[in-house]
2 protein chains.
Amino acid sequence: MFSAQNIGKKISEAGIKPSLQRIKIYEFLLKNNIHPTVDFIYNQLVNDIPTLSKTTVYNTLKLFEKQGLIINLIIDENEIRYDAMKNIHGHFKCDKCGKIYDFEYNHMQLEFLGLNHFNILKTELNLKGTCPECNQ
Amino acid sequence: MFSAQNIGKKISEAGIKPSLQRIKIYEFLLKNNIHPTVDFIYNQLVNDIPTLSKTTVYNTLKLFEKQGLIINLIIDENEIRYDAMKNIHGHFKCDKCGKIYDFEYNHMQLEFLGLNHFNILKTELNLKGTCPECNQ
DNA sequence: TTTATATTTGTAATCATTACATTTATGTTT
DNA sequence: AAACATAAATGTAATGATTACAAATATAAA
């Protein structure tokens, strides 16, 4: 499903040279749809690539985002998260356990008032509250 | 329109003792609907209150938020902004000039799929792109 | 006036991110 | 293959927003 070749190809198609580090980082995002932070990604991958630097993770994610391969997710202070899912969806963050859930919504029906002549490039719908597990 | 008494009363109604600092900070948010950062608020008010500490601004805004008097707005990394507008509305941030615009949207028609038994306490709709001024 | 409590203040610590210079890897030319 | 140029990765130091914490000040109560 996500072979190294496929991943490298996707990276190439985004105009990025597929180095080992870049393949591993993108692979991690594709296989783990958990909206990880930079720190989390680094800690997971440093086992695989002992020489990995956190700066590389930062640079790589910034590059991926610039080239449209992933999106970033600013849902709470002091933590940028990353998401390789490219379909439009919303994010729910549980205030108690901190887990982030994806959800679908009827974005086609959304209507914005007073944004004529605005060039909208990104839409973020973030919900907060408590998840079913924490509600019990 | 926003007299010191009215402001003090609103703060009291939120269960907060209306000190000078608290009144000035809330007054600033009410009179300037510009989604300011902590730093901006501090720099504006320190003229008025020369002994003001930035810690007080942080503490006061946190308290206001906890008591539901204001909301915070996390639309970009490294900057929490605050908003005293209590009606539901979205925020558009221009990538070029950085200005944040309010807009209305049809939130009543919004439908979330897969969030049964989730307790939704806050909804944030953030758009990004370029504003008409920067599009020219 | 004492005493207790709440609020404000200033400094130091924390932590995510960025800047920058060095090292390593990759690709090209001769 | 060697020399060179370029790109990518690395490690350390700097930045900047936020928080922790203890001391000082203000407010309220006895």
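Look up: the structure comes first, before these words.
Keep in mind that this is a model prediction, so the values were computed, not measured.

### What about the interface of chain A and chain B?
On the side of chain B, 36 residues touch chain A, which itself brings 36 residues to the contact. Interface area for chain A against chain B, summed over the two sides, is near 3,200 Å², with a carbon-plus-sulfur share of 62%. Its largest share of buried area at the contact with chain B, chain A owes to Ile74(A), Phe118(A) and Lys128(A), together 18% of the area lost on that side. For the interface between chain A and chain B, the tally reads two salt bridges. One salt bridge in this structure joins Glu124(A) and Lys128(B), with 3.1 Å as the shortest N-O distance. On inspection of chain A and its partner chain B, the count reaches 18 residue pairs in polar contact (both at pLDDT 80 or more). Elements represented by at least two residues in the side of chain A that touches chain B include exactly β1 (71-76), β4 (100-105), β5 (112-113), β6 (119-130) and α5 (132-135) of chain A. Top element by residues in the side of chain A that touches chain B is β6(A). It accounts for 12 residues. A breakdown of the residues in the side of chain A that touches chain B according to their chemical character gives 18 nonpolar, 10 polar and eight charged. Of the pairings in the sheet, the one linking β4(A) to strand β5 (residues 112-113) of chain B comprises two bridges and is antiparallel in character. Residue pairing across strands places Tyr105(A) opposite Phe112(B), the latter belonging to β5(B).

The rules we used
Residues numbered from 1 in each chain as written. Chains lettered and ligands numbered in written order. Predicted model: local features only at pLDDT ≥ 70, side-chain atom pairs only at ≥ 80, totals over all residues. Heavy atoms only, no water. Contact = heavy atoms within 4.5 Å. Buried area = accessible area lost by both parts, 1.4 Å probe. Salt bridge = Lys/Arg side-chain N within 4 Å of Asp/Glu carboxyl O. Polar contact = N/O pair within 3.5 Å; in protein donor to acceptor, adjacent residues only side chain to side chain. Helix = DSSP H or I, 4+ residues; strand = E, 2+ residues; numbered from the N terminus. Nonpolar A, V, L, I, M, F, W, Y, C, P; charged D, E, K, R; others polar. Pairing = 2+ DSSP bridges.

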